Amino acid sequence: MRSLPDLQRSFTEFLLSPPGTRVDPVLSVEVRGQRVPVEKRLAIYKNNVYAQLIGALRDSYPAVHRLVGHDFFRFAAMEYIRAHPSRSPTLLEYGASFPEFLGGFEAASSVPYLPDVARLEQLYLESYHAPEAAPLPKAECAVLLSDGSAQLRLHTSARLMTSSFPVSRIWEVNVRPAVIDGRIQIPGGAEYLLIVRPHTTVEVRRISSSTHAALAALERGCSVAEALAAGTDIDPGIDLPMHLLSLADGDTFCSCENQ
Amino acid sequence: MRNNSSLRSSLIASGVAAALGMVAATTASTAAAQDQNKEKMEKCYGVALGGKNDCAAGPGTTCAGSSTIDYQSNAWKYVPAGTCSDIDTPHGGGSLKPSDSQVPKS
Amino acid sequence: MSAAAGIGLKPAHYRALLTDRPPLGFLEIHTENYMGAGGSPHRYLAALAESYPLSFHGVGMSLGGAGPLNRSHLARWRELVDRYDPTLVSEHVAWSSHDGYALHDLLPIPYTEESLRALCEHIEQMQDVLGRRILIENPSRYLEFSYSDTAEPEFLVEATARTGCGLLLDLNNVFVSTCNQGEDATRYLARIPSHLVEEIHLAGHSINTVDGEEIRIDDHGSPVCDPVWQLYRDTVSRIGRRPTLIEWDTDVPEIEVLLGEAERANEAAAVPSRDSIQGNRYALAP
């Protein structure tokens with residue numbers, strides 16, 4: 001008989017080992033059960049561990065799942081789980097590094113936009129679970145925009161993203177219930193995205209590169225003047241304050257006091 | 001360059017609107033009422049994503065071939081096979097042939 | 001809290017519950033599903049909490065773990081309990097984490113004095129942090145440890161005696177575990193004193209065949225089976241009605257199916273079991 005910590009260490013090693021790994025002989029002597037062999041009984045627990053984690057990834061990345069199909073997704077998920085076992089008792093955060101993993105996953109390299117779709121889904125989830133914060137009224141936003149030294153805070157649920165693929169369109173057709181009918185030709189290239197949950201629903205908004213640059217500067221803590229400069233560097237002709245005001249109408253900012 | 005209205009556009013909202021349009025055209029008024037209820041509810045509370053921490057056992061378990069852990073670790077068998085085959089991007093991407101790296105190394 | 005049966009709260013049923021407010025004794029959540037900071041899950045839960053008592057049922061505390069409890073997980077639990085003030089609070093007699101790795105399954109512990117000490121220390125810590133008593137649930141088991149020196153019912157009873165916690169008696173788990181070990185569920189239940197039981201769980205399970213032998217898997221993916229309904233009638237007729245939950249976590253059906261199962265539980269609890277009138281074969285200890 002081993003101590004409880006030793007037993008649980010050995011059990012954990014078995015659960016996290018690759019499928020098909022032989023059971024530690026000491027462990028197989030310590031457990032028992034009538035009729036059904038010990039190895040099969042232990043396999044039930046191992047299956048449960050992987051099923052939970054694969055299920056969590058599938059829930060978090062429905063568009064990725066649909067894009068590559070179930071068998072490939074399960075294969076990718078198993079590889080990810082082995083490389084990145086869960087460290088948190090809640091599954092809400094599990095898989096945050098899955099997009100990065102897919103970026104280096106050679107078997108998925110024939111779908112070059114896959115890591116970006118995964119990143120969009122991860123940001124969607126972050127926004128979905130983000131803390132509540134009252135949006136900044138448009139009038140107050142206008143006041144701040146006229147003061148170059150002011151700080152304008154993005155809403156707690158706001159996330160920014162860029163992709164060299166039409167990632168939001170690919171995502172959109174894969175999370176809608178409608179069946180994809182025939183080949184999808186996606187025009188256009190790079191996308192600049194704002195993902196935000198001003199009230200209840202997470203919205204994925206396509207924005208211009210200059211608006212994205214301004215918001216990214218605000219996210220870094222730059223002043224309004226610096227953010228406007230970052231945006232107009234990219235597109236000198238743009239009326240950036242007007243664009244930001246229209247975003248305020250969509251509740252993209254929150255007041256500093258809300259922290 | 002995008003105008004104001006596209007700046008404010010929400011893909012979610014357009015998805016809901018499209019779904020509502022389809023329902024109105026094809027099904028009875030009860031279904032439309034249910035969808036309106038759904039839209040109203042989602043306006044108040046948001047979209048309900050599934051919970052992940054559900055303590056049930058996984059499916060299949062010990063049945064041969066149905067267990068999650070009954071999988072082939074030879075990577076070359078696994079090729080992306082979902083809707084990605086229906087999507088062409090300007091950068092390519094519909095190619096589903098196994099790359100050299102997926103062929104088993106002997 | 002009313003004795004009417006409750007159901008596990010599933011996001012797929014948020015809208016139906018808010019719209020129709022069907023009569024239910026309570027709603028039970030897996031606490032971990034509400035550990036995000038904000039957004040829809042909390043909006044729905046807060047709205048439903050206005051109509052239904054809540055039961056918070058944890059799946060990740062690892063009370064049976066050899067190592068210390070995860071303090072940040074405890075803190076998140078505390079925040080949620082403070083925010084929603086649930087009527088019932090429960091966790092499992094199992095371990096699910098080791099050395100920082102979270103395994104997300106309810107894993108079995110050997111029934112020894114060493115395990116009991118670890119379990120009781122953790123129950124006390126959870127009760128201290130939450131500032132209230134908890135209930136502990138008997139697990140579904142697919143194996144035993146050869147060196148366990150106590151049977152599960154006595155182990156559970158001793159844990160309640162040392163910590164003052166109550167029992168969440170999962171009758172499906174009792175049935176699954178005893179069948180898987182070739183034991184008798186009614187003998188198991190006879191060793192659980194009635195006053196310790198403060199909640200009952202009912203669920204469906206599946207039967208798998210391995211090398212020609214059956215093993216029952218607690219997958220919460222089907223209606224409660226007839227033998228478990230019989231155990232329920234027998235239990236209620238001896239200990240009285242308790243808050244009873246219909247659990248359904250895999251292939252979650254339409255809400256009407258769950259409401260039907262809850263109604264069946266209400267009827268089973270209201271009508272004395274014929275067996276119990278005729279004899280006392282399944283008597284629970286007083």
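Since we're looking at a predicted model, the values are computed, not measured.

Caption draft 1: Examining helix H8 (residues 226-239) of chain C more closely. Look at H8(C): 20 Å from first C-alpha to last across 14 residues, which is about the 20 Å you get at 1.5 Å a residue. Buried residues of H8(C): C:Val228, C:Trp229, C:Leu231, C:Tyr232, C:Asp234, C:Thr235, C:Val236 and C:Ile239, and no others.

Caption draft 2: Looking closely at the confidence of the model for chain C. Residues and elements named next belong to chain C. In the predicted model, chain C carries a mean pLDDT of 93, and the fraction of residues at 70 or more is 94%. The low-confidence segment residues 273-286 (pLDDT under 50) makes 32 contacts with residues lying over four places distant or belonging to another chain. Of the two predicted TM-score estimates for the complex, the pTM is 0.88 and the ipTM is 0.92.

Caption draft 3: Spotlight on the pairing of strand S4 (residues 88-92) of chain C. All names here are of chain C. In terms of burial, S4 is a largely internal element, five of the five residues being buried. Burial of the side chains of S4 extends over both faces: Leu 88, Ser 90 and His 92 are buried on one face and Val 89 and Glu 91 on the other. The sheet contact formed by strand S3 (residues 54-57) and S4 spans three bridges and is parallel. Its bridge partner being in S4, Phe 56 is matched across the sheet by Val 89. Alignment of S4 against strand S7 (residues 135-137), held across three bridges, turns out to be parallel. Across the sheet, Glu 91 pairs through a bridge with Ile 136, a residue of S7.

Caption draft 4: The arrangement of the pattern of salt bridges in detail. Under the counting rule described, the total for this entry stands at 24 salt bridges over all chains. Between A:Arg2 and A:Glu30 there is a salt bridge whose closest N-O contact spans 2.9 Å. Remark: A:Glu30 occurs in helix H2 (residues 25-30) and A:Arg2 occurs in the segment before helix H1 (4-16); sequence separation between them is 28 residues. Summarising the burial analysis for this pair, A:Arg2 and A:Glu30 share the class buried. Here C:Arg117 and C:Glu113 are joined by a salt bridge, their closest N and O atoms 3.4 Å apart. Here the residue C:Arg117 and the residue C:Glu113 both occupy positions in helix H4 (residues 113-130), the gap between them amounting to four residues, near one helical turn.

Caption draft 5: Region of interest: the side chain of C:Ser140. Counting through the fold element by element, C:Ser140 comes out in the loop between S7 and strand S8 (144-145). Of the polar contacts made by the side chain of C:Ser140, one reaches the side chain of C:Asn173; its length is 2.8 Å. In this structure the side chain of C:Ser140 is engaged in a polar contact, spanning 3.0 Å, whose partner is the side chain of C:Asp218. When near neighbours in sequence (up to four residues on either side) are disregarded, C:Ser140 contacts A:Tyr45, C:Asn173, C:Val176, C:Ser177 and C:Asp218.

Caption draft 6: Geometry of the environment of A:Glu191. All names here are of chain A. As for its placement among the helices and strands, Glu 191 is situated in strand S5 (residues 191-196). A relative accessible area of 4% places Glu 191 in the buried class. Discounting chain neighbours no more than four positions away, the residues touching Glu 191 are Met 161, Thr 162, Ser 163, Phe 165, Pro 166, Val 167, Ser 168, Arg 169 and Arg 206. Of the polar contacts made by the side chain of Glu 191, one reaches the backbone nitrogen of Val 167; its length is 3.2 Å.

Basis of the calculations
As a convention, each chain's residues are numbered from 1 in the sequence order in which they are written. Starting at A for chains and at 1 for ligands, labels are handed out in the order in which the entities are written. Totals for whole chains, interfaces and linings use every residue, but because this is a predicted model, local features are given only for residues with pLDDT of at least 70 and side-chain atom pairs only at 80 or more, for both listing and counting. The basis for every side-chain value is the complete set of non-hydrogen atoms in the structure, without hydrogens or water. A helix here means a DSSP run of H or I that spans at least four residues, while a strand means a run of E at least two residues long, and both kinds are numbered starting from the N terminus. Take the residue count of a helix, subtract one, and multiply by 1.5 Å to get its expected span. Exposure classes here rest on a 1.4 Å probe applied to the protein chains alone. A residue is buried below 20% of its type maximum, exposed above 50%, and partly exposed in between. Per-residue confidence from the predictor is reported as pLDDT, a score between 0 and 100. The contact criterion used is simple: two residues touch if any of their non-hydrogen atoms lie within 4.5 Å. We treat two strands as partners when DSSP finds at least two bridges between them. Salt bridges are defined as contacts in which a side-chain nitrogen from Lys or Arg sits within 4 Å of a carboxyl oxygen from Asp or Glu. Two N or O atoms form a polar contact when they lie within 3.5 Å of each other; inside protein one atom must be a possible hydrogen donor and the other a possible acceptor, and for residues adjacent in sequence the pair counts only when both atoms belong to side chains.

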